[in-house]
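One-letter residues, chain by chain:
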Amino acid sequence: MTNKPENFVKDSAMHVMDGVSSSHDGTKKSKRRKFIKKNRDISIDDLFAKIKTGSRLDLARGITLLESIASHDKETAQALLLKALPYTGKSIRIGITGVPGAGKSTFIESFGLLLSKLDFKVAVLAIDPSSSLTGGSILGDKTRMEELARDPNTFIRPSPTSGTLGGVHRKTRETMLLCEAAGYDIILIETVGVGQSETAVRNMVDFFMLLALTGAGDDLQGMKKGIMELTDLIVVNKADGDNKRPAQRTMREYRQILHVLQPASPGWESSATSVSSLNRTGFERVWEIVLEFKEKMQENNYWETRREEQTSAWFKDMINDRLIESFFNEPGKKEAVSKLEKELIAGNLTVAAAVDKLFE
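Before going into details, it helps to say that this report is about the structure given with it. This structure is a prediction, so every number in the text was calculated from the model and none was measured.

**Describing helix α11 (residues 244-260)**
Item 1. Between its first and last C-alpha atoms α11 spans 26 Å; for 17 residues at 1.5 Å apiece the expected length is 24 Å, and the two agree.
Item 2. The set of residues buried in α11 consists of Pro-246, Ala-247, Thr-250, Met-251, Tyr-254 and Leu-258. The buried residues of α11 all sit within an arc of 145 degrees when viewed along its axis, so they share a single face. Residues of α11 that are exposed and angled more than 90 degrees away from the buried face: Arg-245, Gln-256, His-259 and Val-260.

**What to know about the environment of Gln-78**
Item 1. Position of Gln-78 relative to the elements: it lies in helix α3 (residues 71-84).
Item 2. Assessed through its relative accessible area of 38%, Gln-78 is described here as partly exposed.
Item 3. Taking the C-alpha atoms as reference points, Gln-78 and Leu-65, 13 residues apart in sequence, are found 9.4 Å from one another.

**Describing the pattern of salt bridges**
Item 1. Scanning the entire structure with this criterion turns up ten salt bridges.
Item 2. The partner of Glu-147 in a salt bridge is Arg-280, and the shortest N-O contact between them spans 2.9 Å. Taken together, the residues Glu-147 in helix α6 (residues 146-150) and Arg-280 in the loop between β10 (271-274) and α12 (283-299) connect sequence positions 133 residues apart.
Item 3. Relative accessible area serves as the criterion here: at 36%, Arg-280 is assigned to the partly exposed category.

**Points about the packing of aromatic side chains**
Item 1. Per the stated rule, a full pass over the model turns up eleven aromatic pairs.
Item 2. For the pair Phe-207 and Phe-293, a centre-to-centre distance of 5.0 Å together with 75 degrees between the ring planes defines the contact as edge-to-face. On the criterion of sequence distance, the pair formed by Phe-207 in strand β8 (residues 207-212) and Phe-293 in helix α12 is long-range, its members being 86 residues apart. Each member of the pair, Phe-207 as well as Phe-293, carries the same accessibility label: buried.
Item 3. Taking the centre distance of 5.2 Å and the plane angle of 90 degrees together, the rings of Phe-327 and Phe-328 count as edge-to-face.
Item 4. Overall, Phe-328 belongs to the partly exposed group, its relative accessible area being 35%.
Item 5. Taken together through their ring pairs, the aromatic side chains of Phe-107, Phe-111, Phe-120, Phe-283 and Trp-287 make up a single cluster.

Calculation rules
- Residues numbered from 1 in each chain as written.
- Predicted model: local features only at pLDDT ≥ 70, side-chain atom pairs only at ≥ 80, totals over all residues.
- Heavy atoms only, no water.
- Helix = DSSP H or I, 4+ residues; strand = E, 2+ residues; numbered from the N terminus.
- Expected span 1.5 Å × (residues − 1).
- Buried < 20%, exposed > 50% of the residue type's maximum accessible area, 1.4 Å probe, protein only.
- Arc of directions from axis to C-beta.
- Salt bridge = Lys/Arg side-chain N within 4 Å of Asp/Glu carboxyl O.
- Phe/Tyr/Trp six-rings, centres within 6.5 Å; stacked < 30°, edge-to-face > 60°.

Below, the structure written as structure tokens:
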């Protein structure tokens, strides 16, 4: 695919970027949008050119711009994304979820290293559970995937959600598109666990896999049936040592369960397989299943149809997010909500009546 970056240490996937602020060149001579990084003007044209050459340092810089919540960065970020759009859509997008303790990070590291050896460029976007109070996030995936982070064919980026699913919709999708424009062949999106974010991720990937542990009965109690119906493949992890035989039994149990559920993708029968992240075995089979899935979906024309549905869903999600944001930004709205909440708690209003008053 591409050669190793010349400046590997500086351009490492472990490199953490500082924040970004933006400015616009208001002169009539130049209409190119710019943003400031450490008091240094860098044009969007130049930044995107460097991203296209495979610079992970500049890709991280571009993503930082996309993630900025500063109002003056938004126009600049969208200009960068617009330049990227013609180069997007060629990757395989894979969502990975699992119950806590299923070993998502170790699985992704082993899977990513296999794909790198096959000469694919791999981007890992780990959705972080940002604090809804402080806006901070754990951002621990780079330290858990040290070997993968050092691989020149990979790029790891924690994606803070800012405590909202809207953060998943916009930031993760836009980051994914920029990674595609940078030449990454496979995008792995890791979620924080089984919950609402899984539905959001399912709506932005081509293939969705669920990591499970040995003991289907116990594991299933922690899962909703809806999550099971989203998955194209269940991977039973930690199939090694004394756990190898129980893992094979669990895999067969999952296959029986999936057989009676509605398939997540038309024309595809979801299945189960097992891997050992410790011994790094079984990952070739996982990749074979992904390729079989892609071939099947392209044969029945659903591959592109799903991409179109995802774009449409993203558009509608963004409309909903903007409506909510605009509503609460109206003068006096937050105060009105607070006042009506007190009326509700006091038992003076029904919820429906309170909503009617709010929208009068």
